[in-house]
Every structure is written in C-alpha cells, then in structure tokens.
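Geometric and topological summary
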Amino acid sequence: MYDFTTFKPRRGIGAEKWSTFERQAVDNPDLAPYSIADMEFPAAPEITAALKEAADFGIYGYTVADSSYRDAVCAWMDRRHGWAVEPTWIFQTYGVVPAMNLALHALTAPGDAVIIQPPVYPPFRAVVTSTGRRVLENPLRVKDGRYEMDLEGLEALARRSEAKVFFLCSPHNPVGRVWTRRELQAAADICAANGVTVFSDEIHADFVHPGSVHIPFAALDGPAARECIVGTSASKSFNLAGLVTANIIVSDPDLRARLTGKVVGYTGEYTNYFGLAATRAAYEQGEPWLEALLEVIRGNYDYCKNFMAEKFPSVTVYPLEGTYLLWADFNSLGLEPAELERFMVEHQLYLDEGYLFGTGGAGFERINLACPRQCLTAAMERLDAAAAEFGFKR
Ligand SMILES: Cc1ncc(COP(=O)(O)O)c(C=O)c1O
C-alpha cells in the first residue's frame, strides 16, 4: 500500500546527507548515502496532503500550536507509549538539539557539567562544549553482547557538585538500546538523589522493535521523573526533519517556566507553520504508515545482520532494539579508524564512522537502514567485493 521500494535520489534539494556527493563530486546516480538519521522514503501520503493543503492556504504568518495540535500530540503519546501528557506541558522548539541548548542556558552556568553516555549522537557533546559547560562521560559498557548503562559510574559522576544535567538518549543512538524500566528507574533514582536534572531525548521512541518497550522517562516514579525534560518530535518517525519542529514536554510548571522563559532568546517563540501541519497529520493519520515502515526497517536489519554473519563473521552487529540505525564493530578487520573510513569511502560506502560518536566508537560503523532494500543490497555487495579485493581476514 505504501511505497518503500522506489529509490528517489535527493540531489540538488539541499539534503544534508546527500551533500557529501556534491562535495566529493560523486556523480554515480545509483549511489545512496547511509549516514545521517533521516530516511530515503517519501513521507506518508496523509502528511503530504496536509502540507499541500497548508501551502494552498497561502498565508504563512506567525504560528503557534493550537489546542487541536496539542491534543494530537497528547493522543499519540498516550496511544503509542501509554503516557498521559497534559496539553499545557508541551512547547515547541526548532528541534530537540536546540532544546538541549536551551535547557543548558536555563538550568546551568558556564563551568557546570553535563553527564553523557558515549558512544552517543555527537551533538550531545557539542551542545555541552559549545555552551561553555563541561562534559562528564559515563561510557556505556558491553555485557554479553549488549550495551548497558554503567550505573555505578553514573552515580559517581552525579555525586560531583558540578554535575547539573544528565543528557539521556532513550532509545539510544547509535547503539540501538531501548532502556528497560529497571535501568531507567535506577538512573532516575541516582539523579534524584544528587539533584541532577534529566533531559531525556526520546526522538527515536517510535522505533521500538518486538521484545522491547519504550518507557518515557517522565512516566517513571519519583522526583527525577516529575522534574525532567522530554525531547520528542515526529521528525524521525515520519521523516520530517527538514520541517524543524520538536515538542518538548515538561510536566513540572516551575521547570517549564524556566525553560519557556528562555525560548524567545534561544529558539524563538513561534513555530514552523508547515511543521505543525505535518506533525498533526502524522500523529492523527500516520500510524498505519509507521507500522508498515517498522516492518521494512526490521526486514532491512535482518538482511544486513544475516549478510554480515555469513560474509563477515568476525564483525559484531549489535541487536536492534530501537532506532533504524545498525551499529557494528569492525575492529576485527585490523584497520585504524582513519583507514577504515578511507576504505569505506574509497568503495563508495558512505556510512557514519563510529569515532564520531565519541568514546567507545572507534572502529565501529553506523549504517542507516531507512532506505529501499536495494540500496542496502548494493552496499553489502560492495563491501563484500572490496573486502575480497583487500584479502581481509573476516
Ligand atoms: C538522538 C537524537 N537526538 C536528536 C536528533 C536531532 O534532533 P533535531 O533535529 O530535532 O534537533 C537526532 C538526529 O539524528 C538524534 O538521533
């Protein structure tokens, strides 16, 4: 019913992921990049129809979220995540990352510290350092082939007087973990005991695969959950990142006031007219499309995982509990991270290099699975042929 098979190159429209091709003068029309987390799929037809209707209206003045928009967000959070959100808890920013920046300006001072858990989406670190705050790293650990939070490490860092905020990535990009209630509650208790405010980035919350359940941080027990900031957006789930619209959800009125008090200066108090129209259509009408998409993502993951298991048995492909990003450890090939990157690019494999995600990422690759299957087949076959040419022990 929906088209997840047509390959539609995004050259010449300002697509960030595709700008690599322009920079490197790559003109092979059959190539696709597998990097930045947006998708090579057209949005749900219901969203495109809503955007056309919004465009046809023809007046694009200053826009704010009205009650029907807020109701659509609340209904989605309730239906998909069992989380009862009040309409007044929501405000908009131009993205989850701008909201992280806003939170640091509202809640911390230069020199204060923020805990992050690498390997993690690179802006987690960049937001902290670019605002003159300090990073405290609590690297994830691998146990029995699965990443986990180092809760003792988290507690030791949270106890430090300069630790003010914890940037949690839930589900976690790039390692694909969907944190369990037990893990999240333990982290929440540590933060509550030490006065650390949690910013829970839940932008990947709708990409949760069988066997896992996403628990919104704000739905946990205790003060850290009551006083947390949850970053959400329809942008990942429905491929709307170019419409720069996020919903930040804060139930605590004082905390919310501290944040919204800074909105004018940091992200502006108005919202993207098209972003609102698309998000509302997504949350009201997009669910069947999302369900179909999740099947495609799982099929793509299984294909890549099986291919790697057969052709590169020494490469570890981590379980995909959440997100549409495959995370794989290529260190067994024996290449330095820079050599691995060169090898990939020379063979026209435009992946995200693991070192970009910080501590624990070197020698890994992140592969974006949200593309038509034939793009992944082509990538895997190129990888196989290149490895054969190089005579890698795999
Ligand atoms: C974990 C995570 N947070 C935030 C973002 C970006 O969010 P936004 O575009 O809303 O700033 C991404 C995009 O890849 C992401 O993976």
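Note that the structure is a prediction, hence the values are computed from the model and not measured.

1. Points about the site of the ligand
- Near the ligand you find Ala37, Gly95, Val96, Val97, Pro98, Tyr121, Cys169, Asn173, Asp201, Ile203, His204 and Lys236, and these make up its full shell.
- Here an oxygen atom of the ligand and a backbone polar atom of Val96 are 2.7 Å apart.
- Measuring from an oxygen atom of the ligand, one finds a backbone N or O atom of Val97 at 3.0 Å.
- Contact with the protein chains removes 88% of the 400 Å² of surface that the ligand exposes when unbound.
- Take the shell around the ligand: its biggest share by element is three residues, from helix H4 (residues 96–107).
- Counted by class, the shell around the ligand contains seven nonpolar, three polar and two charged residues.

2. Some thoughts on the packing of aromatic side chains
- What the rule picks out here adds up to 24 aromatic pairs.
- Taking the centre distance of 4.8 Å and the plane angle of 20° together, the rings of Trp76 and Tyr283 count as stacked. Here the residue Trp76 occupies a position in helix H3 (residues 67–81), and Tyr283 occupies one in helix H11 (residues 273–285), the gap between them amounting to 207 residues. The same class applies to Trp76 and to Tyr283, which are both buried.
- Considering the side-chain rings of Phe343 and Phe390, the 5.1 Å spacing of their centres and the 85° angle between planes classify their relative orientation as edge-to-face. In this pair, Phe343 is assigned in helix H13 (residues 337–346) and Phe390 in helix H14 (residues 373–390), connecting sequence segments 47 residues apart.
- Judged by its relative accessible area of 45%, Phe390 falls in the partly exposed class.
- Grouped by ring-pair contacts, the aromatic residues Tyr2, Phe4, Phe41, Trp76, Phe238, Tyr283 and Trp289 constitute a single cluster.

3. Description of the pattern of salt bridges
- One pass over the full model with this rule turns up 22 salt bridges.
- A salt bridge links Asp38 to Lys17; its shortest N-O distance comes to 3.1 Å. A residue pair is termed long-range when its members are at least 10 positions apart, and Asp38 in the loop between helix H1 (19–23) and helix H2 (45–57) and Lys17 in the segment before H1 qualify at 21 residues. Of the two residues, Asp38 and Lys17, neither departs from the other in class, the shared state being buried.
- In this structure, the salt-bridge partner of Arg280 is Glu284, at a minimum N-O distance of 3.1 Å.

4. Structural notes on H4
- If you check H4, its first and last C-alpha atoms are 16 Å apart, about what twelve residues at 1.5 Å a residue would give, namely 16 Å.
- For H4, the complete set of buried residues consists of Val96, Ala99, Met100, Leu102, Ala103, Leu104, Ala106 and Leu107.

5. Remarks on the environment of Glu284
- If you trace the backbone, Glu284 turns up in helix H11.
- The exposure class of Glu284 is partly exposed, given its relative accessible area of 43%.
- The spacing of Glu284 and Ile13 is 271 residues in sequence and 28 Å in space, taken between C-alpha atoms.
- Once you skip the residues sitting within four places of it in the chain, Glu284 turns out to touch Ser68 and Ala72.

6. Here's the deal with the sheet that holds strand E12 (residues 352–353)
- Strand order in the open sheet formed by four strands is E10-E11-E13-E12, and the pairing between neighbours is antiparallel. Only two strands of the sheet have a single partner each, and these edge strands are strand E10 (316–317) and E12.
- Sheet topology note: the E10/strand E11 (residues 325–329) ladder contains two bridges and is antiparallel. In the sheet register, Thr316 faces E11, and the bridge partner there is Asp329.

7. A look at the pairing of strand E2 (residues 113–116)
- Here E2 shows no split at all, with Ala113 and Ile115 on one side and Val114 and Ile116 on the other all buried.
- Bridging between E2 and strand E3 (residues 134–137) involves four bridges; their strand directions are parallel. Its bridge partner lying in E3, Ala113 is registered against Arg134.
- Note that the unit made of E2, helix H5 (residues 123–130) and E3 has a crossover that is right-handed.
- Strand direction decides the pairing type here: E2 and strand E6 (residues 163–169), joined by three bridges, are parallel.

8. Concerning the domain arrangement of the protein chain
- Along its sequence, the protein chain is organised into domain 1 (19–44 + 287–390) and domain 2 (60–285).
- Computed from C-alpha coordinates alone, the two centres of domain 1 and domain 2 are separated by 26 Å.
- With 31 residues of domain 1 at the contact, the number on the domain 2 side is 36 residues.
- Taking both partners together, domain 1 and domain 2 bury about 2,800 Å²; carbon and sulfur atoms supply 56% of that area.
- Area buried by domain 1 at its contact with domain 2 is led by Glu287, Glu321 and Thr323, which between them contribute 26% of it.
- Scanning the region where domain 1 abuts domain 2 turns up five salt bridges.
- Of the charged contacts, one joins Glu291 and Arg80 as a salt bridge, the two residues approaching to 2.7 Å between their closest N and O atoms.
- Summed over the shared surface of domain 1 and domain 2, the number is 19 residue pairs in polar contact (both at pLDDT 80 or more).

9. Notes on the side chain of Asp150
- Structurally, the position occupied by Asp150 is in the loop between strand E5 (146–148) and helix H6 (151–158).
- In this structure the side chain of Asp150 is engaged in a polar contact, spanning 3.4 Å, whose partner is the side chain of Arg141.
- Residues within four places of Asp150 in sequence aside, it is in contact with Asn138, Pro139 and Arg141.

Calculation notes
Residues numbered from 1 in each chain as written. Predicted model: local features only at pLDDT ≥ 70, side-chain atom pairs only at ≥ 80, totals over all residues. Heavy atoms only, no water. Near = heavy atom within 4 Å. Polar contact = N/O pair within 3.5 Å; in protein donor to acceptor, adjacent residues only side chain to side chain. Areas by Shrake-Rupley, 256 points an atom, 1.4 Å probe, with all protein chains shown as cover. Helix = DSSP H or I, 4+ residues; strand = E, 2+ residues; numbered from the N terminus. Nonpolar A, V, L, I, M, F, W, Y, C, P; charged D, E, K, R; others polar. Phe/Tyr/Trp six-rings, centres within 6.5 Å; stacked < 30°, edge-to-face > 60°. Buried < 20%, exposed > 50% of the residue type's maximum accessible area, 1.4 Å probe, protein only. Salt bridge = Lys/Arg side-chain N within 4 Å of Asp/Glu carboxyl O. Expected span 1.5 Å × (residues − 1). Contact = heavy atoms within 4.5 Å. Pairing = 2+ DSSP bridges. Right-handed = clockwise from strand over helix to strand, strands pointing away. Domains from an automatic or database assignment. Buried area = accessible area lost by both parts, 1.4 Å probe.

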